[in-house]
Every structure is written in structure tokens, then in C-alpha cells.
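Structural characterization, general
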Amino acid sequence: YQGPFIFLLRNHPEKAMRFITDLVDDATEFFGLQKYPMDYVSGPGKVNVRLRDGTVREIWCNDRLWNAYRATSVMPNVLNCALMAFERWLLEHIEVPAHQKFVLSVLNWILKNSDSAALISVVASVCMARPKVASGQAISVLGCREFFGLDMRRSVQESSAMVFGSLGAMDKIFQDERLESNRLPHRNGSLEDLARNLQFTNAKDELLALLDYHRGQIPAIDDTEEENRIWRLEFAIRELRAS
């Protein structure tokens, strides 16, 4: 939060929001298209996100991008800084009833315009923090099957994260910021927790319809692809728990 982004967001929110979105999207496209040769780094792939209104969008996605706002993946520090500041600013404002409508409009804008999972994961975090307020946006986030696995891995990584001793005054500042962020109540949750919490909101019917949609997209039971088998097993476990 010592960088310029949090101050830009607080003083010129609309300009800052678009600037951060353009910065992250341009960097993600550069990464995805491998415009600079990277021998030891695999680039992201494309996944489909089914938004609440039924629109299907294609975005760049992998673990590296999904975890960028938590700075737990190897990414340029300037992108980590921008995303962490963006999340903090959104979380600050969604707690203020008078600002919630604006925050929801920002989340919708990202979902409809960003091509990067690095920004969608920030939207997911805000939805997990306030599922009742951002229930509609949460339905859009849950519209991508791949996000569930990505966020489960992020959640596991959060629970085992270690904080090391500081080497200097600036390290102490950064460490204190990280510890403060780590203590947020929703931090160790995942998209599965978000789906469960949505059952107690006005979006319950939409959630159930979305889960039926996901279940209907699973290939036939004789399909042997590992990801499909795991996805099918997860639905079977949820149904057993529900019964």
C-alpha cells in the first residue's frame, strides 16, 4: 500500500480503476501471448466465464494470475501492488452502505470488461467478504468451473503461509501490511464457502440453477479425464452431505 495506487483510487477512483484494469489486462495479454520468450515459465490459458446474464466471456487464467492480488505467486511487484491496493480500496468502500452501489458497478464493469483472472480474483475476494451485498456478482464469479480449483489452492496456500523476520524498516512495513490483510475474516475461505453462503441470500435460486448448469456440463460417466472425474466426485459428495 506504499505505492501510488491506493492514493490514486482514493482521490480519482474512476480514472484509477480504469488505469489499473488497463495495466493488468495489457500485462496479462503480453504474458498470455508470450510476447517475451520465457523458457521456464508457462503462460496462462483461456477459460470461459458464464456471467449472471448468460453472457460467456473468454479470459486469460492460471494460478499465477489468480494469486497475484495476494502476492503469493511470482509476478511483477508493480502488479501485486496495484491489485492489493485495488482489493483494499473495494473492501473499504463496500462496508459503507452509501458506497455499495458504486462498488457493485465497479465489480460489474470488471466482470464484463477485464480479460484477466488477476482482476476477477479480486472481485471474488470482495464477494466472499460480503456475499449478501455482492450476491449477483458472486453468481458471475461462480460461473467458471476452473475458478473453484484455483481458489481452493489459494485458500490452502493462505492457511500455510509463513511470515519471515524483517531485514529492515521497509520490510517491517510490508510485513505488517501482509499480516493485517491475512487477518481478514474471509481470507481462508474459498469459492465453495461462497456458494454455501449464497444459499442464505436472495440469490439462492440463481445459485441452485447455476449448480445444475455445472452438473449438466459434466461429460458422460465413462469419461476418464481426471478433472472431469474430480468435478463429478465433488458434486456427489455435496449431494451426500445435503442428504
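Quick look at the structure, then. (Residues numbered from 1 in each chain as written. Predicted model: local features only at pLDDT ≥ 70, side-chain atom pairs only at ≥ 80, totals over all residues. Heavy atoms only, no water.)

**Description of the packing of aromatic side chains**
Stated precisely, the cut-off is as follows: Only the six-membered ring of Trp is used, alongside the rings of Phe and Tyr, when aromatic pairs are assigned; centres must lie within 6.5 Å, and planes under 30 degrees apart are stacked while those over 60 apart are edge-to-face, with the rest tilted. Secondary structure elements follow DSSP: runs of H or I no shorter than four residues count as helices, runs of E no shorter than two count as strands, and numbering proceeds from the N terminus. Exposure is judged per residue with a 1.4 Å probe applied to protein chains only, and the accessible area is read against the type maximum: over 50% gives exposed, under 20% gives buried, and values in between give partly exposed. Any Lys NZ or Arg CZ found within 6 Å of a ring centre and within 35 degrees of that ring's normal is scored as a charge over the ring.
One pass over the full model with this rule turns up 4 aromatic pairs. Aromatic side chains Trp66 and Phe147 sit 4.7 Å apart centroid to centroid with 35 degrees between the ring planes, which places their arrangement in the tilted category. Here Trp66 is found in helix α3 (residues 63-66), whereas its partner Phe147 is found in helix α8 (residues 145-159), with 81 residues between them in sequence. Taken together, a centroid distance of 6.1 Å and an interplanar angle of 85 degrees make the contact between Trp89 and Phe102 edge-to-face. Here the residue Trp89 occupies a position in helix α4 (residues 77-94), and Phe102 occupies one in helix α5 (residues 100-113), the gap between them amounting to 13 residues. Relative accessible area serves as the criterion here: at 31%, Phe102 is assigned to the partly exposed category. Taking the ring centre of Trp60 as reference, the NZ or CZ of Lys46 above it sits at 4.5 Å.

**Some words on the pairing of strand β2 (residues 56-61)**
Test applied: Strand pairing requires that DSSP identify at least two bridges connecting the strands.
Alignment of strand β1 (residues 45-50) against β2, held across 6 bridges, turns out to be antiparallel. What sits directly across from Asn48, in β2, is Glu58. Taken together, β1 and the strand that follows it, β2, pair antiparallel across an intervening segment of 5 residues, in which Gly54 is found at a positive phi of about 95 degrees.

**Looking at the nonpolar core**
In a soluble, globular protein the nonpolar side chains are often hidden away together inside. Here is the rule we go by: Put simply, a nonpolar core is a bunch of buried Ala, Val, Leu, Ile, Met, Phe, Trp, Tyr and Cys residues held in one set by side-chain atoms that sit within 4.5 Å of each other. Contacts: residue pairs with any heavy atoms within 4.5 Å of one another.
Grouped together as the largest cluster of nonpolar side chains are 62 residues, with contacts concentrated most on Phe86, Leu90, Leu142, Phe147 and Leu191. Beyond its immediate sequence surroundings of up to four residues, Leu191 is in contact with Trp66, Ala124, Met128, Val141, Leu142, Phe147, Phe148 and Asp151.

**Quick word on the side chain of Ser73**
Going by this rule: Polar contacts, as counted here, are pairs of nitrogen or oxygen atoms within 3.5 Å of one another; within protein the pair requires one atom able to donate a hydrogen and one able to accept it, and residues that are adjacent in sequence qualify only if both atoms are side-chain atoms.
Counting through the fold element by element, Ser73 comes out in the loop between α3 and α4. A polar side-chain atom of Ser73 sits 2.8 Å from the main-chain carbonyl oxygen of Arg64. Every residue in contact with Ser73, bar those within four places of it in the chain, is listed here: Arg64, Asn67 and Ala68.

**A few points about helix α6 (residues 117-129)**
Cut-off, in case you're wondering: The span expected for a helix works out to 1.5 Å for each residue beyond the first.
For α6, spanning 13 residues, the distance from its first C-alpha to its last is 18 Å, which sits close to the expected 18 Å at 1.5 Å a residue. Where burial is concerned, most of α6 is hidden: 12 out of the 13 residues are buried. Taken residue by residue, α6 has Ala117, Ala118, Leu119, Ile120, Ser121, Val122, Val123, Ala124, Ser125, Val126, Cys127 and Met128 as its buried positions. Where α6 begins, the capping side chain belongs to Ser116, and its oxygen is found 3.1 Å from the backbone nitrogen of Ala118.

**Topic: the packing of helix α2 (residues 13-32) against α4**
Note the threshold: To get an axis, fit a line to the C-alpha atoms, keeping to the stretch in contact for a helix; angles then go from 0 to 180 degrees between the N-to-C directions. Angles are sorted into four bins: roughly parallel if under 35 degrees, roughly antiparallel if over 145, roughly perpendicular if 65 to 115, and oblique for all others. Each crossing gets its handedness from the near helix: less than a right angle anticlockwise from the far helix is left-handed, clockwise is right-handed.
It is at 11 Å that the axes of α2 and α4 come closest, and there the two elements cross at 140 degrees. The orientation of α2 relative to α4 falls into the category oblique. For the crossing formed where α2 meets α4, the hand is left-handed. Note on element contacts: α4 touches α2 through Leu79, Ala82, Leu83, Phe86 and Trp89, opposite Pro13, Met17, Ile20, Leu23, Val24 and Ala27.

**Digging into unusual backbone geometry**
The backbone of Ala71 shows a phi angle near 55 degrees, a positive value even though the residue is not glycine. Mapping Ala71 onto the fold places it in the loop between α3 and α4. Residue class for Ala71 comes out partly exposed when judged on its relative accessible area of 25%.

**Focus: helix α11 (residues 204-216)**
How we decide: Relevant arc is that of directions from the helix axis to the C-beta atoms, nothing else.
Helix length check: α11, at 13 residues, gives a terminal C-alpha distance of 18 Å against a target of 18 Å (1.5 Å per residue), a fit within 8%. Within the span of α11, buried status applies to Leu207, Leu210 and His214. The arc that holds every buried residue of α11, seen down its axis, measures 65 degrees, which confines them to one face. Structural note: α11 exposes Asp205 and Gly216 on the side pointing more than 90 degrees away from its buried face.

**Regarding the pattern of salt bridges**
Let me state the cut-off plainly: A pairing counts as a salt bridge when a side-chain nitrogen of Lys or Arg comes within 4 Å of a carboxyl oxygen of Asp or Glu.
The tally for this structure, following the rule as stated, stands at 11 salt bridges. Glu58 is the salt-bridge partner of Lys46, the closest N and O atoms lying 3.6 Å from each other. Taken as a pair, Lys46 in strand β1 and Glu58 in strand β2 lie far apart in primary sequence, 12 residues in all. Residue class for Glu58 comes out partly exposed when judged on its relative accessible area of 46%. Its salt-bridge partner being Glu87, residue Arg187 comes within 2.8 Å of it at the nearest N-O pair. Of this pair, Arg187 sits in the loop between α9 (169-182) and α10 (191-198) while Glu87 is found in helix α4, placing the two residues 100 residues apart along the sequence. Pair check on accessibility: Arg187 and Glu87 agree, each one buried. Overlapping salt bridges bring together Arg10, Arg88 and Glu92 as one network.

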